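These are the residues of each chain, in order.
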Amino acid sequence: MSLGKTWYTIEEATEKFGVAKELILVWVREGAVRADEERGKVLRINSDDLDLKMQELTGI
């Protein structure tokens, strides 16, 4: 169980992780990052998924 915040708006995630909004949305469409959507608009994304994707790309 995560002790920190796990769901962020795209704006919050962009600021925290330094990743462009457009790239995050690509990962959401690919299914690599889970998202909470309403009427086709992404409201929040899962930061654990985003962190894993970043680790995969950077090897860190």
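Residues numbered from 1 in each chain as written. Predicted model: local features only at pLDDT ≥ 70, side-chain atom pairs only at ≥ 80, totals over all residues. Heavy atoms only, no water.

## Examining the pattern of salt bridges
Line of reasoning, step 1. Scanning all chains against the criterion turns up four salt bridges.
Line of reasoning, step 2. One salt bridge connects Lys5 with Glu12, and the closest N-O pair in it is separated by 3.2 Å.
Line of reasoning, step 3. Here Arg34 ties to Asp49 by a salt bridge, and the two come within 2.7 Å at their closest N and O atoms. Within this pair, whereas Arg34 is found in the loop between α2 (21–30) and β2 (35–38), its partner Asp49 is found in helix α3 (residues 47–58), the two being separated by 15 residues in sequence.
Line of reasoning, step 4. With a relative accessible area of 47%, Arg34 lands in the partly exposed category.
Line of reasoning, step 5. In this structure Asp49 comes out as buried when scored by relative accessible area, which is 12%. (Salt bridge = Lys/Arg side-chain N within 4 Å of Asp/Glu carboxyl O. Helix = DSSP H or I, 4+ residues; strand = E, 2+ residues; numbered from the N terminus. Buried < 20%, exposed > 50% of the residue type's maximum accessible area, 1.4 Å probe, protein only.)

## Here we look at the packing of aromatic side chains
Line of reasoning, step 1. Following the criterion strictly, the structure yields zero aromatic pairs and no others.
Line of reasoning, step 2. The residue whose ring lies beneath Lys16 is Phe17, and the NZ or CZ to ring-centre distance is 5.8 Å. (Phe/Tyr/Trp six-rings, centres within 6.5 Å; stacked < 30°, edge-to-face > 60°. Lys NZ or Arg CZ within 6 Å of the ring centre and 35° of its normal.)

## Some thoughts on the pairing of strand β3 (residues 41–46)
Line of reasoning, step 1. Bridge analysis of strand β1 (residues 7–8) against β3 gives two bridges, and the strand direction is antiparallel. By the bridge assignment, Trp7 is partnered in β3 with Asn46.
Line of reasoning, step 2. Examined bridge by bridge, β2 and β3 share four bridges and lie antiparallel to one another. From the neighbouring strand, Ala35 faces β3, where its bridge partner is Ile45.
Line of reasoning, step 3. Hairpin connection, β2 to β3: the antiparallel pair is bridged by two residues, and Arg39 has positive phi, about 55°. (Pairing = 2+ DSSP bridges.)

## Concerning α2
Line of reasoning, step 1. The complete set of buried residues in α2 reads Ile24, Trp27 and Val28. Looking straight down α2, one finds that the buried residues subtend no more than 105° of arc, so they occupy a single side. Exposed residues on α2 whose side chains face more than 90 degrees from its buried face are Glu22, Arg29 and Glu30.
Line of reasoning, step 2. Considering only its buried residues, α2 is in contact with α1 (10–17), β2, β3 and α3. (Arc of directions from axis to C-beta. Contact = heavy atoms within 4.5 Å.)

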